[in-house]
Amino acid sequence: MPAPAATARPSVSAAVPRLRSGELRAMVAGVLADSAPAALTPRVIAARLNRSSGAVGNACRTLAGQGAAEVASTSPLAYRATTTTATAAAPARAPRRKPAAARRTGTVSTGAPAAPAGKRSAGAVTGPVLRPNGTEYHPRLVAGTMLPDVTALRRLKEAGVAALLYGPPGTGKTSVVEAAFPDCVTVQGDGDTVVADLVGDYTKTPDGEFVFVHGPLVRAMREGVPLFIDDATLIPPTVLAVVYPAMDGRRQIVVKANGGEVVDAAPGFYVVAGHNPGVHGAVLTDALSSRFSVQVQVSSDYDLADQLGVDPKVVRVARNLATRQERGEVGWAPQLRELLAFKKITAVLGIDAAAANLVGIAPEVDRDTVAAVVRDAFGRIVKPLALGARITATTR
């Protein structure tokens, strides 16, 4: 009598069919699009799709990098749909291609040809983008193009073209980078930055052992995420040179302090930098400039300040001083950061105190001019914010 056939144990691949390249990403986009405007964590999406939360998390990061999703919160990490999410979900909702035998019958497909692997460009961002800190960034068009700045940065990353953003402090350089790359690793540069601040150094553990802790450059390379070097031109050129081999065709660095450890950049690693030309000690060397093929000037968006409800009088002051700054009459003008601070101070202390503070934060060499422009806009003399007389029982 023949032995009974053994019951086949169902394999994981049988329970969860293997997906084609990019199909999981499209499925994740479909879940986000169907759930809009709600935000979902990768774990929730994974449960709905019966997929690994790690793979879903990677898909979410890729979608966010393409503008087809955005980070809604960082604790817990959650994503939500954008205006292009439904488009990214289309491949998962389209019927699978017919078998080869069926395709040979001469039937013509009416679908658009798929983009070559690795050549899909990030969709254009059309509205505010949530930064990792929870604040909204309002994209601006890059001059000479029809691309929002967030989209332009994402496409430069795809093409491997390093970008340098330059302009006065407070104009939004950090904001646009964080909006474009919510997973970026940031290095805050200054004159005291050393090589160990970038690649890592030995640290003593509670047990008294010394272990090598890798720095932000190595972490970004290994994780395949962008590295943002803020105030890069304040870092000594000999220190910043450690980044250059990771940016060129080698995409590799050698960590001498850790026994000559070789670190290769994973796909997705990218370098973007910020430069404040007017800051004392900021030097844009030829070596640094040559490595950033795209250099974009970033100035304050005074129209946005109006839209965000900043008092029109102080916006008028800022525009006036910005014009004078261009003519070389003053060295300082309020940027978007100062204008948003003005709005907050007004809500807490009143508009008179906010105007006085604006005069007080101006550099001393420009303070008289700033005070005169503020006086003309507000119709009264404004002095720097200061403490007055001591409070006594009779003044309460």
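Nothing here was measured: the structure is a model prediction, and the numbers come from that model. (Residues numbered from 1 in each chain as written. Predicted model: local features only at pLDDT ≥ 70, side-chain atom pairs only at ≥ 80, totals over all residues. Heavy atoms only, no water.)

Student: Can you tell me about helix α15 (residues 312-326), naming the residues and giving the values?
Tutor: With 15 residues, α15 ought to run about 21 Å at 1.5 Å a step, and its terminal C-alpha atoms sit 21 Å apart, in line with that. What α15 keeps buried is the set Val314, Val315, Val317, Ala318, Leu321 and Ala322. Viewed along the axis of α15, the buried residues span an arc of 155°, placing them on a single side of the element. Along α15, the residues that are exposed and aim more than 90 degrees away from the buried face are Pro312 and Glu326. On its buried face, α15 sits against α14 (302-307), α16 (336-349), α17 (351-361) and α18 (367-378). A distance of 2.8 Å separates the backbone nitrogen of Lys313 from a side-chain oxygen at the start of α15, and that oxygen is part of Asp311. (Helix = DSSP H or I, 4+ residues; strand = E, 2+ residues; numbered from the N terminus. Expected span 1.5 Å × (residues − 1). Buried < 20%, exposed > 50% of the residue type's maximum accessible area, 1.4 Å probe, protein only. Arc of directions from axis to C-beta. Contact = heavy atoms within 4.5 Å. Polar contact = N/O pair within 3.5 Å; in protein donor to acceptor, adjacent residues only side chain to side chain.)

Student: Run through the side chain of Thr85, naming residues and quoting values.
Tutor: Looking at the secondary structure, you find Thr85 in helix α5 (residues 85-93). Overall, the relative accessible area of 0% leaves Thr85 in the buried class. Discounting residues that sit within four places of it in the chain, Thr85 has contacts with Ala29, Leu32, Ala33, Ala68 and Ala69.

Student: I'd like a description of the pattern of salt bridges, backed by residues and values.
Tutor: Here the structure, examined in full by the defined rule, presents 11 salt bridges. The shortest N-O distance in the salt bridge between Glu261 and Arg222 comes to 2.4 Å. With Glu261 in strand β11 (residues 261-264) and Arg222 in helix α10 (residues 216-223), this pair connects stretches of sequence that are 39 residues apart. Using a relative accessible area of 17% as the deciding quantity, one classes Glu261 as buried. For the salt bridge of Arg380 with Asp352, the shortest nitrogen-to-oxygen distance reads 2.4 Å. Taken as a pair, Arg380 in the segment after α18 and Asp352 in helix α17 lie far apart in primary sequence, 28 residues in all. (Salt bridge = Lys/Arg side-chain N within 4 Å of Asp/Glu carboxyl O.)

Student: Give a description of the packing of aromatic side chains that names residues and reports values.
Tutor: Within the structure shown, the criterion is met by three aromatic pairs. Positioned above the aromatic ring of Tyr244 is the side chain of Arg291, whose terminal nitrogen or guanidinium carbon lies 4.0 Å from the ring centre. (Phe/Tyr/Trp six-rings, centres within 6.5 Å; stacked < 30°, edge-to-face > 60°. Lys NZ or Arg CZ within 6 Å of the ring centre and 35° of its normal.)

Student: Residue-level account of the sheet that holds strand β6 (residues 185-188), with values.
Tutor: Hydrogen bonds between backbone groups are what pair the strands of a sheet, and the pairing can be parallel or antiparallel. The parallel open sheet is built from five strands, whose spatial order is β6-β9-β12-β5-β13. The sheet terminates laterally at β6 and β13 (294-297), the two strands that pair on one side only. The sheet shows a mean angle of 20° between the axes of neighbouring strands, direction not considered. Where strand β5 (residues 163-166) meets β13, four bridges bridge the pair, whose relative direction is parallel. Note on β13: the bridge partner recorded for Leu165 is Val296. Relative to the sheet, helix α8 (residues 173-180) contacts β5, β9 (226-230) and β12 (270-275), its axis offset from that of β5 by approximately 145°. (Pairing = 2+ DSSP bridges. Axes fitted to C-alpha atoms, helices over the stretch in contact; angles between N-to-C directions.)

Student: Break down the nonpolar core for me, with residues and values.
Tutor: Ranked by size, the top nonpolar core spans 32 residues in total, and within it Leu217, Ile229, Val243, Ile253 and Phe269 carry the most contacts. Mapped onto this core, the elements with two or more residues apiece are β6, α9 (195-199), α10, β9, α11 (237-240), α12 (244-247), β10 (252-255) and β12. Those residues in contact with Ile229 that lie beyond four places of it in its chain are Val187, Ile235, Leu240, Val243, Val271, Val272, Ala273 and Gly274. Counting 28 residues, the second largest nonpolar core, distinct from the first, contains Val317, Leu336, Ala371 and Val373. (Core = buried A, V, L, I, M, F, W, Y, C linked by side-chain atoms within 4.5 Å.)

The values reported here are purely geometric and, on their own, carry no functional implication.
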